[in-house]
Amino acid sequence: MTDFPDDLLAAQRDLTAVRATLSARLAALPPSAEPMPAWERPDGYWAGARTHPASPGWSEEERQEVAALRERERDLAAAIVTHELWASVPAEERMRARDALKHAHETQAAEAAGARG
């Protein structure tokens with residue numbers, strides 16, 4: 001399946017973008033949302049020794065930004081999963097169709113490049 005409605009394609013594109021933004025934002029933030037002193041896990045655990053630096057925690061602005069991104073991610077995921085298209089796709093094909101939706105932007109880009117090429 002490659003013929004998806006524009007609103008579903010837009011929701012998937014936006015979801016991918018929001019997830020990338022959220023991931024990058026979380027990577028740039030301190031490791032703990034709450035202030036936390038440094039700590040060390042001694043050697044002898046299955047994962048080995050590890051040192052964790054102190055975390056100043058997140059500011060209120062950072063908390064709100066992450067919360068807004070997570071809410072947008074949930075809303076987009078819900079819009080995709082509950083889209084009316086899925087009712088018309090046979091149950092045994094839905095997983096394959098949902099996977100195709102996740103990669104539809106790659107397919108469209110390849111087709112556009114082929115048309116130009």
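Enquirer: Teacher, can you tell me more about the layout of surface pockets here?
Expert: With a probe scaled to a water molecule rolled over the atoms, the places where space remains empty come into view. Taken as a whole, the largest pocket holds about 220 Å³ of empty space. Lining the largest pocket are Q12, L15, T16, R19, A77, I80, V81, W86, R98, L101, K102 and H105. Those elements giving two or more residues to the lining of the largest pocket turn out to be α1 (6-28), α2 (60-81) and α3 (91-102). The element best represented in the lining of the largest pocket is α1, accounting for four residues. Here the residues of the lining of the largest pocket are counted per class, giving six nonpolar, three polar and three charged.

Enquirer: How should I be thinking about the environment of A100 in this particular structure?
Expert: Secondary-structure assignment places A100 in helix α3. Between the alpha carbons of A100 and F4 there is a distance of 9.4 Å; along the sequence they are 96 residues apart.

Enquirer: I'm lost on the packing of aromatic side chains in this one. Help?
Expert: The geometry of an aromatic ring pair comes down to the distance between the two centres and the angle between the two planes. The full count for this structure, using the stated rule, is one aromatic pair. Between the NZ or CZ atom of R98 and the centre of the ring of W86, over which it lies, the distance is 4.9 Å.

Rules used throughout
Residues numbered from 1 in each chain as written. Predicted model: local features only at pLDDT ≥ 70, side-chain atom pairs only at ≥ 80, totals over all residues. Heavy atoms only, no water. 1 Å grid on protein atoms, 1.4 Å probe; cavity = no way out; pocket = protein on both sides within 12 Å on 5 of 7 lines; lining within 4 Å. Points joined across faces, edges and corners; volume = space filled by probe spheres on them. Helix = DSSP H or I, 4+ residues; strand = E, 2+ residues; numbered from the N terminus. Nonpolar A, V, L, I, M, F, W, Y, C, P; charged D, E, K, R; others polar. Phe/Tyr/Trp six-rings, centres within 6.5 Å; stacked < 30°, edge-to-face > 60°. Lys NZ or Arg CZ within 6 Å of the ring centre and 35° of its normal.

Without other data, these values stay purely geometric and don't point to any function.
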